[in-house]
Amino acid sequence: MGELPAVVGRVSTGRVVADTFAGRVHVEWDSSAPVTPLGQLPFFIEYLKQGGLFDGMVADCPLHYTSPNAPRKRDVLGTVLLSVLAGHWRYAHMTTLRCDPVNPPLLGMTQVVSEDAVRRGFDKIDEDAGLTWLQGHLDYTTRPLLSEPWILDIDTTVKPLYGHQEGAVVSYNPHKPGRPSHSYHCYMMANLRLVLAVEVAPGNQHTSKHSSPRLWEFLDGLPAEQRPWLIRGDAGFGNEPVMREAEQRGQPYLFKLRLTKGVKRAIERAMSEQDWQSAGRRWQGKDGQLRLQGWSRHRRIVILRRRVERSLALTERDDAGQLLLSFAAIDDGREVWEYAVLVTSLDSEILSLGQLYRDRADSENSFDELKNQWGWGGFTTRDLKRCRLMAGYVALVFNWWNLFVRLADPNHHREAITSRPLLLQAIGRQTRHAGRTTVTITSSHGEHHRARQALTRIAGFFSELRKTAEQLTALERWYRILSQALKRFLRGRKLIPPRQFQHAGAASYG
């Protein structure tokens, strides 16, 4: 009594019927044909192969096993690569990759390892050696572009945690006050949205004082001809130590200033003057000189203002703590202005400076993309070392994918939320006949014709590249790929590889 009845007879393994709202559907199982939900990944895999990206990264990885039963290093790194491309943000999500029998062999993998194998593998990597390894491959990806005029964006973002991780400290956290966090210090190539370096620090190390050592270490490691035309940052970097270091190196800068008392007095003096100039986008600007308390010298500032032409929302709370909202009407005789103050070493006109700082919003969008669409900060462990390694690994895959997408559309940057469904996600069915492997892609989304044209164009480019691949090193092929992907940025010029590429792990790339 109370137990389920025994199942009598054999369970059917053939066709079954499901009664749906659209009528009866006959369902069959076919375990003989390998199928993948990432059917368009072979194009990206060839891109990695032709550029020597994945092979070089595996060869240089400081992961060493002693047990004969340990997984292959390529399988561990390939599992993480597939997981990041699939949009995962937890180690536990890697288990879903085991249903893909098509793409892992195309990457040269023998198996998809478990999430625990990935955690243990990254735990075996020495922290200093691992960070040097990842930075070397970030350099390999981006250094060829630094010979062109470029802008370095520096910023810090906060990743809320639950408090059980090393470095999870309660500090500045605007969205979830009181929650512990990690601080991600990022150094990014503007406009192209490529990560040059990333550092993960405890939550209470979020100021420019903690970003600056890595910033100057990175800049001092660049040859003079590869240093940025400008470094740019928000109000956290508009202080004496950062500006003094930049001036000693002859490095131009553009930062925003906090609205402190001294800055507000400069705004008040400028309000009564009339020689305001257009700064673009309904902003007006005015030049000035300012030396705040603690500054070693006078510096050029640009005061920007914009008239507020809409109703202002005012909030207050009653005695019970209930939030009250009211609107303030602006009379015709009154003017309300929004102000911002920039400090710079440039001598450019106000219109250019205003646009230069507004362009910095591009890096803010990249932060949102990395955190929300690439799982940046999501692969967390109790130790800070593996968080740092995964942050660098995700940034590297982010760069690889962005440059691959540029091959499909050189004129625009496509975020992962649109580019991955377009160029990656489709049903792929693998068949073998007479020693030939075929992947049949089934895609029915609204832009499948556009995706097919883009991927066919990429395949044509690699077909031409393969004709000369034997005469070219991996580095020379990578320069050709970059020249094709960024032909708009380069204005049609071809990148010429140096005779000897100096960076960590260059030998692995040929």
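Going by the structure above, here's the rest.
Residues numbered from 1 in each chain as written. Predicted model: local features only at pLDDT ≥ 70, side-chain atom pairs only at ≥ 80, totals over all residues. Heavy atoms only, no water.

A. Up close: the nonpolar core. In this structure, Tyr47, Trp374 and Tyr393 are the most contacted members of the largest nonpolar core, which totals 123 residues. Counting residues per element, this core draws most heavily on helix α12 (residues 384-408), at 18 residues. In contact with tryptophan 374, other than residues within four places in its own chain, are Val84, Leu85, His88, Glu369, Val394, Val397, Phe398, Trp401, Ala416 and Arg420. With 14 residues, the next largest nonpolar core counts Ala279, Val302, Ile350 and Tyr357 among its residues. (Core = buried A, V, L, I, M, F, W, Y, C linked by side-chain atoms within 4.5 Å. Buried < 20%, exposed > 50% of the residue type's maximum accessible area, 1.4 Å probe, protein only. Helix = DSSP H or I, 4+ residues; strand = E, 2+ residues; numbered from the N terminus. Contact = heavy atoms within 4.5 Å.)

B. Local environment of the pairing of strand β7 (residues 194-202). Here β7 lies mainly inside the structure; 8 of its 9 residues are buried. As paired strands, strand β6 (residues 180-189) and β7 are joined by 8 bridges and run antiparallel to one another. Of the residues in β7, the one forming a bridge with serine 183 is alanine 201. Between β6 and β7, which pair antiparallel one after the other, the connecting turn spans 4 residues, and asparagine 191 there sits at a positive phi close to 70°. (Pairing = 2+ DSSP bridges.)

C. Representation of the pattern of salt bridges within the structure. Applying the stated rule across the entire model yields 30 salt bridges. Between arginine 193 and glutamate 369 there is a salt bridge; the shortest N-O distance is 4.0 Å. One end of the pair, arginine 193, is in the loop between β6 and β7; the other, glutamate 369, is in helix α11 (residues 361-373), with 176 residues separating them in the sequence. The pair formed by arginine 193 and glutamate 369 is uniform in burial state, with each residue classed as buried. (Salt bridge = Lys/Arg side-chain N within 4 Å of Asp/Glu carboxyl O.)

D. View of helix α1 (residues 41-50). When you tally the buried positions in α1, you get 7 out of 10 residues, the bulk of the element. All buried positions along α1 are accounted for by Leu41, Phe44, Ile45, Glu46, Tyr47, Leu48 and Gln50. Where the residues of α1 are buried, they touch α2 (53-60), α3 (73-85), α4 (103-106), α12, α14 (448-467) and α15 (474-485). Among the residues trailing α1, glycine 52 stands out with phi positive, at a value near 65°.

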